[in-house]
Amino acid sequence: MTLQEGLMFGKQQLEEVQIEDASLDAWYLLEHVCKIDRVSYYMQPEKPMSSREIKEYKTLIIERRKHIPLQYLTKDQMFMGLSFFVNQEVLIPRQDTESLVEAALKVLKPGMDVLDMCTGSGCILISLMKFCQGLKGTGVDVSKGALEVAKKNAKIHKVAADFIESDLFLQIDGLYDMIISNPPYIKRSVLDTLMPEVKDHEPMVALDGDEDGLSFYKRMVKESESYLKPGGYLYFEIGHDQGREVSCLMERQGYTNVKVEKDLAGLDRIVYGRRRIK
């Protein structure tokens, strides 16, 4: 089997089960297995694949046909221009979340203490610490498996973050300059409508926001004041239709300068505010 034949085989197999972007996914898996780029492929499309490459590629194509996300097969996802290890213990980092990181970077300064609640792969905290040198960072998650992934990513990117297993603030003490979070926020009634890649393979604990999608926001808004320094920042990623509700929660709790910001698609994606300075 040549590279070209492998690519055609992969594309056909994925199209049969109606995988979105079948051609692109077939290419990414070929690239991953054969360690090639587009230039080398187009220079030698008739280059034979080794028996090992053929076996590995076909195995990954079979797995992708089951709607297992591409990123779980390659164990990699780009976020903020950085490569993050991912597996089925963590939510796959989304480009939407980059808007949260970019917004937070506007106010962070070296020496500040940041708490990343529901850290998952650690992509938010690690990105903040890479792009704002001198931050002190702590990532929190209820999942041991997710924390192992976050620790691995911190090691890959040479970031000295701390990680704590905790159900939100139960095991947390101290005061922080910023608490930032991309919590589970999908309404339970909507979960079954998600793509198979999401509902059948990504961790439900990272998706399920209870009946109204606001359960985690309600808890964090109420409890976070005890862990923020006066004037400290609370930053959330939100669902596109949750801006008004989450900002109202924060205002009722006494947060000031509460704002809703949009992502690159023009959808509400971030809510943030500051703890009162008494």
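Here, every reference points to the structure presented above.
Here the structure is a predicted model, which is why all the values come from computation and not from measurement. (Residues numbered from 1 in each chain as written. Predicted model: local features only at pLDDT ≥ 70, side-chain atom pairs only at ≥ 80, totals over all residues. Heavy atoms only, no water.)

Q: Even after reading the chapter, I still don't get the pattern of salt bridges, so can you show me in this structure?
A: Oppositely charged side chains can form a pair if their charged atoms are brought close together. Taken as a whole and judged by the stated rule, the model has 20 salt bridges. When salt bridges that share partners are traced, they join Arg188, Asp208, Asp210 and Glu211 into one network. (Salt bridge = Lys/Arg side-chain N within 4 Å of Asp/Glu carboxyl O.)

Q: Would you mind going over the layout of surface pockets with me for this structure?
A: Gaps left between atoms show up when a probe the size of a water molecule is rolled over them. The space that makes up the largest pocket amounts to roughly 930 Å³. Along the walls of the largest pocket sit 44 residues, with Leu91, Pro183, Tyr185, Ala206 and Leu207 positioned nearest its centre. When residues of the lining of the largest pocket are traced back to their parent elements, those giving at least two are helix H6 (96-105), helix H7 (123-131) and strand E4 (136-141). When its residues are assigned to classes, the lining of the largest pocket shows 25 nonpolar, ten polar and nine charged. In this structure, the second largest pocket is lined by 25 residues; those nearest its centre are Asp25, Arg64, Pro69, Leu70 and Gln71. Among the elements of the structure, helix H2 (22-34), helix H5 (70-74), strand E1 (77-79) and helix H9 (196-199) are those that each provide at least two residues to the lining of the second largest pocket. Counting residues per element, the lining of the second largest pocket draws most heavily on H2, at five residues. Residues belonging to the lining of the second largest pocket are distributed by class as follows: ten nonpolar, six polar and nine charged. (1 Å grid on protein atoms, 1.4 Å probe; cavity = no way out; pocket = protein on both sides within 12 Å on 5 of 7 lines; lining within 4 Å. Points joined across faces, edges and corners; volume = space filled by probe spheres on them. Helix = DSSP H or I, 4+ residues; strand = E, 2+ residues; numbered from the N terminus. Nonpolar A, V, L, I, M, F, W, Y, C, P; charged D, E, K, R; others polar.)

Q: Looking at this model, I keep getting lost on the packing of aromatic side chains. Mind explaining?
A: Given two aromatic rings, one states the distance between the centres and the angle between the planes to describe the pair. Under the definition given, this model contains seven aromatic pairs. The interplanar angle of 5° and the centroid separation of 4.6 Å between the aromatic rings of Tyr235 and Tyr272 together place this pair among those described as stacked. Of the two residues, Tyr235 sits in strand E7 (residues 228-237) while Tyr272 sits in strand E9 (residues 268-274), which places them 37 residues apart along the sequence. In this structure Tyr235 comes out as buried when scored by relative accessible area, which is 2%. Three or more aromatic residues joined by ring pairs make a cluster, and in this case those are Trp27, Tyr41 and Tyr42. Stacked on the ring of Trp27, the Lys or Arg Arg38 has its end atom at 4.1 Å from the ring centre. When the ring centre of Phe85 is taken as origin, the NZ or CZ atom of Lys152, which lies over that ring, is 3.9 Å away. (Phe/Tyr/Trp six-rings, centres within 6.5 Å; stacked < 30°, edge-to-face > 60°. Buried < 20%, exposed > 50% of the residue type's maximum accessible area, 1.4 Å probe, protein only. Lys NZ or Arg CZ within 6 Å of the ring centre and 35° of its normal.)

Q: I tried to follow helix H4 (residues 51-65) on my own but got confused; where do I start?
A: Across its 15 residues, H4 extends 21 Å between first and last C-alpha, which sits within 8% of the 21 Å expected from 1.5 Å per residue. Restricting attention to buried positions, one finds in H4 the residues Glu53, Ile54, Tyr57, Leu60, Ile61 and Arg64. All buried residues of H4 project into a common sector of 135° when viewed along the axis, lining one side. In this structure, H4 carries Ser51 and Lys55 as exposed residues pointing more than 90 degrees from its buried face. In this fold, the buried residues of H4 make contact with helix H1 (3-16), H2, H5 and H9. Once H4 ends, the next one or two residues include His67, with phi positive near 70°. (Expected span 1.5 Å × (residues − 1). Arc of directions from axis to C-beta. Contact = heavy atoms within 4.5 Å.)

So, to be careful, I would describe these as geometric facts and stop short of saying anything about function.
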